[in-house]
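What follows is the residue order along each chain.
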Amino acid sequence: MQLIGMLDSPYVRRVAVSLRVLGLDFTLDQVSVFRHFDRFAAINPVVKAPSFVTDDGVVLMDSGLILEHIARLAPRSLMPADRASHEVALRQIGLALAGCEKSVSILYERTQRPAEKLHQPWVDRVRGQLLTAYGLLEKEVSPDWFTGEELMQPQITTAVAWRFSQHAVSDVLPAGHATLLSLLS
């Protein structure tokens, strides 16, 4: 199995951490969608990170779909078994991914769009969504949430997303915005 993408991508990192936690062997090919576009396109013509090449040579993309495939190979699940806990876990993952996605949107708005084309009302709206997602997630976690016996997908995704957001848009996400999540920084 081969994971394609840079670890500075929270989506690539989410898959890599999950594979490590599960003890599954894989190789990481750190190919950048920006700096190595042609090389990435040779692996996956869509040039989407992460990409994942299965042992059968099938190229998968999107961290959620890759994790779904990995779940079939894994010695244990990274998701709770009972329905109610599973629903809560999916909500927590969704909130973390929403915060992460909004951070990526702001980062791309700043780095890919010319400054004179930056649309501040859009950035303000996305910032509000980012703060809301992490604020709601903060209400669902407890101090011992990150110290369980086994890491589960909600904790992995939250840690990766929060760290990315703190790094990529620290000026948008005040350190004290989410006290418990700030423990991850």
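Quick look at the structure, then.

What counts, and at which threshold
Residues numbered from 1 in each chain as written. Predicted model: local features only at pLDDT ≥ 70, side-chain atom pairs only at ≥ 80, totals over all residues. Heavy atoms only, no water. Salt bridge = Lys/Arg side-chain N within 4 Å of Asp/Glu carboxyl O. Helix = DSSP H or I, 4+ residues; strand = E, 2+ residues; numbered from the N terminus. Buried < 20%, exposed > 50% of the residue type's maximum accessible area, 1.4 Å probe, protein only. Polar contact = N/O pair within 3.5 Å; in protein donor to acceptor, adjacent residues only side chain to side chain. Contact = heavy atoms within 4.5 Å. Expected span 1.5 Å × (residues − 1). Phe/Tyr/Trp six-rings, centres within 6.5 Å; stacked < 30°, edge-to-face > 60°. Pairing = 2+ DSSP bridges. Axes fitted to C-alpha atoms, helices over the stretch in contact; angles between N-to-C directions.

1. A few points about the pattern of salt bridges
- Evaluation of the coordinates by the stated rule reveals seven salt bridges.
- With a shortest N-O distance of 2.8 Å, D29 and R39 are connected by a salt bridge. Residue D29 is found in strand β2 (residues 27-29), and its partner R39 is found in helix α2 (residues 37-43); the two are separated by ten residues along the sequence.
- Given the relative accessible area of 18%, D29 is considered buried.
- Overall, the relative accessible area of 42% leaves R39 in the partly exposed class.
- The closest approach of N and O atoms between R91 and E140, which form a salt bridge, is 2.4 Å. With a gap of 49 residues between them, R91 in helix α4 (residues 83-112) and E140 in helix α5 (residues 120-140) connect regions that are remote in the sequence.

2. Some words on the side chain of D29
- A polar side-chain atom of D29 sits 2.8 Å from a polar atom in the side chain of R39.
- Beyond its immediate sequence surroundings of up to four residues, D29 is in contact with Q2, L3, I4, G5, R39 and I43.

3. Some words on helix α6 (residues 153-168)
- Spanning 16 residues, α6 covers 22 Å between terminal C-alpha atoms, matching the ideal 22 Å at 1.5 Å per step.
- Of all 16 residues in α6, 13 are buried; the element is thus mostly enclosed.

4. A short note on the packing of aromatic side chains
- If you walk through the whole model with that rule in mind, you get two aromatic pairs.
- Note on F34 and Y108: the rings are 6.0 Å apart at their centroids and 90° apart in plane angle, and the pair reads as edge-to-face. Separated by 74 residues along the polypeptide, F34 in the loop between β2 and α2 and Y108 in helix α4 bring together distant segments of the chain.
- F34 sits in the exposed class, given a relative accessible area of 52%.
- Looking at Y108, the relative accessible area reads 38%, which means it is partly exposed.
- Judged by centre distance (5.0 Å) and plane angle (90°), the rings of Y134 and W162 are edge-to-face. Of this pair, Y134 sits in helix α5 while W162 is found in helix α6, placing the two residues 28 residues apart along the sequence.

5. Focus: the sheet that holds strand β3 (residues 51-53)
- On the basis of which strands lie adjacent, the open sheet formed by four strands has the order β2-β1-β3-β4 and mixed pairing. If you trace the sheet from one side to the other, it starts and ends with β2 and β4 (59-61), each paired once. Within this sheet the neighbouring strands show an average axis-to-axis angle of 25°, counted without direction.
- Where β3 meets β4, three bridges bridge the pair, whose relative direction is antiparallel. Within β4, the position partnered with V53 by the bridge is V59.
- Those strands touched by helix α1 (residues 10-22) are β1 (2-4), β2 and β3, and its axis lies near 160° from that of β1.

6. Points about α4
- Given a rise of 1.5 Å per residue, 30 residues ought to cover 44 Å, and the 41 Å separating the end C-alpha atoms of α4 matches this to within 8%.
- For α4, every residue scored as buried is listed here: A89, Q92, I93, L95, A96, G99, C100, K102, S103, V104, I106 and E109.
- The inward-facing, buried residues of α4 contact α1, α5 and α6.

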